[in-house]
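Spelled out, the chains give:
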Amino acid sequence: MTKINHVLDSIKDRNPGEPEFHQAVLEVFESIEPILSKNDKYLEEKVFERMAEPERIITFRVCWTDDNNQIQVNRGYRVQMNSAMGPYKGGLRFHPSLNLSILKFLAFEQTFKNALTGLPLGSGKGGADFNPKHKSDREIMRFCQAWMLEAQRHIGHFTDIPAGDIGVGEKEIGYLFGAFKKIRNEFQGSITGKGPLWGGSFLRPEATGYGLVHFAEYMLTEIGENLEAKTCLVSGSGNVSQFAIEKLLEHKANVVAFSDSTGFIHDEEGLNAEKLAFLKELKNTKRESVAGYAEKFKSATYYEGTEKRIWSVPADCAFPCATQNELDADDVKDLDKNGVMLIAEGANMPLTDPAIKAVQKSNIIYAPGKAANAGGVAISGLEMTQNRLGRYWPRDRMEIELRVLMQGIHENCLDTMKKYSLDKQDYLNAANIAGFERVAKAMVAQGSW
Ligand SMILES: NC(=O)C1=CN([C@@H]2O[C@H](COP(=O)(O)OP(=O)(O)OC[C@H]3O[C@@H](n4cnc5c(N)ncnc54)[C@H](OP(=O)(O)O)[C@@H]3O)[C@@H](O)[C@H]2O)C=CC1
Ligand SMILES: O=C(O)CCC(=O)C(=O)O
């Protein structure tokens, strides 16, 4: 036991002042502790300590010129976490709050998520403390070009393949890919999330949100339920949220709330295709607050700020799809009190540690993000395959691929529950253990470095 306790302590000591990273490491550690304690090889080989130490961290100055001809300075990052399963793979976040603690937690989680897909994907995460809000297209383009000017020497289709995350969508991916191509004089699959006309895969934009809903439906089927007519809350209103809402509407679920960083909308009549199209236009083209939705649709109320919580709206299912730590223990208690049966994570680590503990004491079934939101990176993996093949698969094929991948992750979780005699519906421990085992075996086989 002493040996085991030392593992976590040494990771915390080596990474002071990084609360999000500690939180992500602790969550996985709690799941795999029984396996570590029975496996001397993993302890001797310091497998978990190595998983928690990025193979490489690159930080760099990003210098660009704004529309007023003023020089701006930002900090760029790429955390190359683990290459045991394949080249580093994971998204880029452009957000002013970005720091190494957040990036290391994201890159750490990506290790297990990518392993769960069963595809040859290592893990990484990167971005910059750049705020794309209220920037002109030209400014965003110049920023992306400046970011890639440095990052291009560290990435490439066999080395490290970034993609989108918060603040990085198809527009930013286009500018980043264009810059890579210009500097390196190579058209290669060095980044995913590209437009389908220029090297991208059908369904990549939809994949995280659609995959999340597939996973939730597989979980509900296990308990003899489905999404039809279920009242749903979806936080956020960006890429993941929009396509989660779209797929929920296809399942005839009743989506009554969504949010952004300014507040949330409660639409008592629920969304439909027309309302979703308005929301997409509001967020993707106009880049405005969700408040505009309540001005357009009289059945909706806008609640500004965080005092009233989206999670207090009565519902059957909750899909946190905005950002980390957006749901705390009191929110879980409210959801439970209101009879919510399922929480499925579209965002990465949206539940605080006390929130997870509260879920474990409740009757709510819980889909951890590592499993439930893996559809995005999985379709990125298939975008890489198509780039290497030089052939593109049609949309209907990608729909099937996504379903099969999400079903595979779900079955892997069920198998792991059986293999380790976990509680029924314990997707949290199952996903962590299944992801860990794949990466641990690969790391041991490849020797210590
Ligand atoms: N894109 C992908 O394929 C994948 C994304 N994820 C995760 O999903 C989550 C959402 O990503 P994505 O949809 O791509 O990002 P987007 O940038 O498209 O959307 C983010 C949404 O979350 C809101 N938001 C961001 N920060 C905060 C905050 N601090 N408080 C409240 N709301 C906030 C934004 O509001 P506003 O518009 O006001 O900024 C926006 O509505 C992230 O956790 C990401 O890591 C996970 C797997 C894959
Ligand atoms: O598609 C990718 O590589 C990125 C996906 C991602 O960042 C994530 O799964 O959190």
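Per-chain numbering applies: the sequence of each chain, read as written, is numbered from 1 onward. As they are written, the chains are lettered A onward and the ligands numbered 1 onward, keeping that order. It should be noted that, the model being predicted, local features are given only for residues of pLDDT at least 70 and side-chain atom pairs only at 80 or more, the latter also being counted only at that level, while totals for whole chains, interfaces and linings use all residues.

Under the convention used in this document: UniProt positions are given in the numbering used here, feature names are shortened, and annotations may be inferred rather than shown by experiment.
An unreviewed UniProt entry lists the protein chain under the name Glutamate dehydrogenase, from Lunatimonas lonarensis. Taken from UniProt, the Sequence similarities (unreviewed entry) comment for the protein chain reads in full: "Belongs to the Glu/Leu/Phe/Val dehydrogenases family." Per UniProt, the protein chain carries the Subunit (unreviewed entry) text "Homohexamer."

Comments concerning the overall build of the protein chain
Put simply, the rule reads: Starting at the N terminus, helices and strands are each numbered in turn, a helix being any DSSP run of H or I of at least four residues and a strand any DSSP run of E of at least two. Here the globule rule reads 2.2 Å times residues to the power 0.38, and the radius of gyration is calculated from C-alpha atoms. With C-beta atoms placed from the backbone, the exposure class of a residue follows from how many other C-beta atoms lie within 10 Å of its own: 20 or more, buried; 12 or fewer, exposed; in between, partly exposed. Residues are scored as being in contact if the C-beta atoms we place from backbone atoms lie within 7 Å.
Helices and strands together make up the secondary structure of the protein chain, namely 17 helices and 12 strands. Relative to its length of 449 residues, the protein chain is compact, with a C-alpha radius of gyration of 21 Å against a globular reference of 22 Å. Each principal axis of the C-alpha atoms in the protein chain carries an extent, and together these give about 65 × 55 × 45 Å. Counting the 449 residues in the protein chain, one finds 51% classified as buried. Taking contacts inside the protein chain between residues at least 6 apart in sequence as the whole, the part at least 24 apart equals 74%.

Description of helix α2 (residues 19–38)
The line we're drawing: One fewer than the residue count of a helix, multiplied by 1.5 Å, yields its expected span. One axis fitted to the seven residues ending at a residue, another fitted to the seven starting there: the angle between these axes is the bend at that residue.
The first and last C-alpha atoms of α2 sit 28 Å apart over 20 residues, in line with the 28 Å expected at 1.5 Å per residue. Maximum bend of α2: about 55°, positioned at I32, with proline P34 one to four residues after it. Of all the positions in α2, only E20, F21, H22, A24, V25, E27, V28, S31 and I32 are classed as buried.

Topic: the site of ligand 1
The cut-off we apply is this: Using a C-beta atom placed from the backbone, a residue is described as near a molecule or strand when that atom lies within 6 Å of it. Think of it as three bins: nonpolar holds Ala, Val, Leu, Ile, Met, Phe, Trp, Tyr, Cys and Pro, charged holds Asp, Glu, Lys and Arg, and polar takes everything else, Gly as well. As used throughout, domain bounds are those supplied by an automatic or database domain assignment.
With respect to spatial proximity, 24 residues lie near ligand 1, and among them G238, D260, S261, A347 and G376 are the closest. Looking at the shell around ligand 1 element by element, the count peaks at 3 residues for helix α9 (residues 239–250). For the shell around ligand 1, the class distribution of residues is 5 nonpolar, 16 polar and 3 charged. Residue assignment places the shell around ligand 1 across two domains, with domain 1 (2–188) and domain 2 (205–367) each supplying three or more.

Re the domain arrangement of the protein chain
Split into domains, the protein chain comes out as domain 1 (2–188) and domain 2 (205–367). Taken together, the 11 residues of domain 1 in the interface contact 7 residues of domain 2. Sorting the residues of the side of domain 1 that touches domain 2 by element identifies α2 and α5 (100–116) as the ones contributing at least two each. Classifying every residue of the side of domain 1 that touches domain 2 gives 5 nonpolar, 2 polar and 4 charged.

With respect to the UniProt feature "binding site: NAD(+)" (unreviewed entry) in the protein chain
Within this numbering scheme, the UniProt entry marks T208 and N239 as carrying the feature "binding site: NAD(+)" (unreviewed entry). Over a stretch of 32 residues, the named residues converge on one spot in the fold, their C-alpha atoms separated by at most 8.2 Å. Mapped onto the fold, T208 is located in helix α8 (residues 204–222). For T208, a count of 30 C-beta atoms within 10 Å translates into the label buried. In this view, T208 contacts N239, V240, F243, G346, N373, G375 and G376; residues no more than four positions away in its chain are not counted. Along the chain, N239 falls in helix α9.

A short note on the packing of α9 against helix α10 (residues 273–285)
Formally: All axes are obtained by fitting lines to C-alpha atoms, using only the stretch in contact for helices, and the reported angles, taken between N-to-C directions, cover 0 to 180 degrees. Should an angle fall under 35 degrees it is taken as roughly parallel, and over 145 as roughly antiparallel, whereas 65 to 115 is taken as roughly perpendicular and any remaining angle as oblique.
Where α9 meets α10, the closest approach of the two axes is 11 Å, and the angle between their N-to-C directions is 175°. Between α9 and α10, the crossing angle belongs to the class labelled roughly antiparallel. Judged by residue contacts, Q242, I245, E246 and L249 of α9 engage A273, L276, L279 and K280 from α10.

Structural notes on the nonpolar core
What counts is decided by this rule: Nonpolar cores are identified as sets of buried Ala, Val, Leu, Ile, Met, Phe, Trp, Tyr and Cys residues joined via C-beta atoms within 7 Å.
Membership of the largest hydrophobic core comes to 135 residues, with the highest contact counts inside it found for A216, L233, A244, F319 and A371. Per-element accounting of this core gives the leading share, 10 residues, to helix α17 (residues 427–445). Taken domain by domain, the makeup of this core includes at least three residues from each of domain 1 (2–188) and domain 2 (205–367). When sequence neighbours within four positions are dropped, the list of residues in contact with L233 reads V256, A257, I310, W311, V313, A315, A318 and F319.

A few points about the UniProt feature "binding site: substrate" (unreviewed entry) in the protein chain
In the numbering used here, UniProt assigns the feature "binding site: substrate" (unreviewed entry) to K89, Q110, K113, G164 and S380. Once residues lying within four places of it in the same chain are set aside, the contact partners of K89 are N114, L121, G122, S123, G124, I161, V377 and S380. Along the chain, the position of S380 falls in helix α15 (residues 375–389). In this structure S380 touches K89, A163, T192, G193 and R204, once residues within four positions along its chain are discounted.

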